Amino acid sequence: MPPTSPSASPAQRAVDPLFLALPLRQLADAALSRARQLGVTHADFRCERVRSASWRLRDARPSGTSDTVQLGFAVRVLVDGAWGFAAGVDLTPQAAALVAEQAVAVARISAEVSRSAGGGDVVELADEPVYADVSWVSAYEINPFDVPDAEKTALLADWSSRLLAADGVSHVDASLLTVQENKFYADTAGTVTTQQRVRVHPEVDATAVDERTGAFESMRTVAPPAGRGWEYLLGTGWDWTAELARLPEYLAEKVKAPSVEAGRYDLVIDPTNLWLTIHESIGHATELDRALGYEAAYAGTSFATFDQLGTLRYGSDLMHVTGDRTAEHGLSTIGYDDEGVATQSWDLVTDGVLTGYQLDRRMAKLKGLGRSNGCAFADSPAHVPVQRMANVSLQPAADGPDTEGLFSGVERGLYIVGDRSWSIDMQRYNFQFTGQRAYAIRNGRLAGQVKDFAYQATTTDFWGSMAAVGGPQTYLLGGAFNCGKAQPGQVAAAGHGCPSALFEGVNVLNTQQEAGR
């Protein structure tokens, strides 16, 4: 095992001095002053430095690395009820003022086009308090960019070698993705924020190949990506030693597992799988811009339309789903969003009924919903902020059972662990999901793995079938680095927490039989 880097206490975490050394305030002052001179009703300035790095190994040998930095700034303005946006990379006050002029010109053209077309929505923003000169840093102990590259490669190689030494493992792919995101924001109301967040995504995938037939199976670690630092790979927040030790066993069992018999099953779904179902069927469906039809080009709209707020029966009475931009280590966690809104948590589904949406300032004002809940985000300095997903999470039952307790009442069922492939329609309603592995449940006990499975339902039928929710001891905060939205496309990290949960009478397909039809 390679040596470990020293940890830092939360009190020692600070915004990267390389970012703070940039002329952030001079750029903001130049851009906002010029925007005011040109008669805007609102302007905001955002400077970003986003560093992304990856390491990839094939059979314990390096197969690729990358280390990229995006650095630039953007100006967004409101003129005559229309948005204007422009971005630049020349970090001088003169360039910032010019970009502000370009944004204003875009807004005036947009307003004129809207008037010529017979009107359209006038953009207004929900009120938000002013936050003058505030700073926020995410929760981590060791910044991964402070760890030598050789140490990262050595750890991934060590993990890979352990798996390659096990019987039945033919190949191992290992990877690590790391991101450090710095943002400086200022607007004409007086808000000024400086922020830094770090996230990591380690992953190991083992493959077994039958040399005689060429048939193969694979099994991937189910450890989620996290808003943590290098300490995550050293065992803080996840027991990597235990998972890697059992991965060959899981893979060997999967190779020999029988194909699932299609039919109706009670499903106990582990949070390592359920997070993705939440993301697709609740997370995207409760984005208000999508529900109103403003977002339609990328992955569609939503069945959870605004006229159903407060009445739509989303699922069973056990269903309590929150949006949260403040959860510790969440992939969507930030202190202030890209519109200067202090982040918060709120209800999306309460006792099975749709009670909220994810909002930015425009959507909040448009539908009379009061404050934004802090869901504006741009994935780079070259992109305009759009409404993006919070940590959308299913809450555990305070006195709920452990995962084994959920098995106990199941006569014929499946226990599904880890995410794999998925499909959902353009309204976030009809879907199917697979997983890393599934175990048959017979008379309350696990009875070995089965394979070639996919569960299929509509969103409301699926969540309506939820018959039991696990306790806090089963809760896991997961998510993904690569949630896509908007045109031009943007990619954002999205977090989702949930406990294990029991769903009754869900349709399960045999994917091999379906493929052969």
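Residues numbered from 1 in each chain as written. Predicted model: local features only at pLDDT ≥ 70, side-chain atom pairs only at ≥ 80, totals over all residues. Heavy atoms only, no water.

S.K.: A description of the overall build of the protein chain should follow, citing residues and the corresponding values.
M.R.: Looking only at helices and strands, one finds 11 helices and 22 strands in the protein chain. Radius of gyration (C-alpha) of the protein chain: 24 Å, near the 24 Å computed for a compact globule of 517 residues. By principal-axis analysis of the C-alpha atoms, the protein chain measures approximately 70 × 55 × 45 Å. Counting only residues that meet the buried cut, the protein chain has 58% of its 517 residues in that class. Across the protein chain, every contact between residues at least 6 apart in sequence was considered, and the portion connecting residues at least 24 apart equals 75%. Put simply, the protein chain shows about 20,500 Å² of open surface, and 50% of that area lies on carbon and sulfur atoms. Charge-centre separation for the protein chain: the mean point of 43 positive side chains lies 3 Å from the mean point of 62 negative side chains. (Helix = DSSP H or I, 4+ residues; strand = E, 2+ residues; numbered from the N terminus. Rg over C-alpha atoms; globule rule 2.2 N^0.38 Å. Buried < 20%, exposed > 50% of the residue type's maximum accessible area, 1.4 Å probe, protein only. Contact = heavy atoms within 4.5 Å. Areas by Shrake-Rupley, 256 points an atom, 1.4 Å probe, with all protein chains shown as cover. Lys, Arg positive; Asp, Glu negative; His and termini not counted. Charge placed at Lys NZ, Arg CZ, Asp CG, Glu CD.)

S.K.: Describe the state of the cysteines, and please don't skip the residues or the numbers.
M.R.: Scanning the entire structure with this criterion turns up zero disulfides. Not engaged in a disulfide, the cysteine C375 finds its nearest cysteine sulfur in C483; these two sulfurs lie 12 Å apart. (Disulfide = S-S within 2.5 Å.)

S.K.: Just give me the short version of the pairing of strand β18 (residues 453-458), but keep the residues and values in it.
M.R.: Most of β18 is tucked away, with five of its six residues classed as buried. Bridge count for strand β16 (residues 430-442) against β18 is four bridges, and the pairing is antiparallel. What sits directly across from F433, in β18, is Y455. With four bridges connecting them, β18 and strand β22 (residues 501-510) associate as antiparallel partners. Paired with Y455 across the two strands is V508, which belongs to β22. (Pairing = 2+ DSSP bridges.)

S.K.: Tell me about unusual backbone geometry, and name the residues and values.
M.R.: For residues besides glycine, phi is generally negative; the peptide bonds are generally trans as well. For the bond from Q487 to P488, the omega torsion is -5°, close enough to zero to count as cis. Mapped onto the elements of the fold, P488 is located in the loop between β20 (476-485) and β21 (490-498). In this structure, D80 takes a positive phi of about 55° despite not being glycine. With respect to the secondary-structure elements, D80 resides in the loop between β2 (61-79) and β3 (82-88). Classification of D80 by relative accessible area gives exposed; the value is 53%. You will see that H329, though not glycine, has its phi angle at about 70°, which is positive. Here H329 lies in the loop between β9 (321-324) and β10 (345-350).

S.K.: Now, about the pattern of salt bridges: what can you tell me, with residues and values included?
M.R.: The tally for this structure, following the rule as stated, stands at 26 salt bridges. With a closest N to O distance of 3.7 Å, K183 and E48 form a salt bridge. Placement of the pair is K183 in strand β5 (residues 171-187) and E48 in strand β1 (residues 42-58), with a sequence separation of 135 residues. You'll find K183 and E48 in the same group, each marked buried. The salt bridge partner of R115 is E112, with a shortest N-O separation of 2.9 Å. Of the two residues, R115 and E112 both sit in helix α3 (residues 93-116), three residues apart, roughly one turn of that helix. (Salt bridge = Lys/Arg side-chain N within 4 Å of Asp/Glu carboxyl O.)

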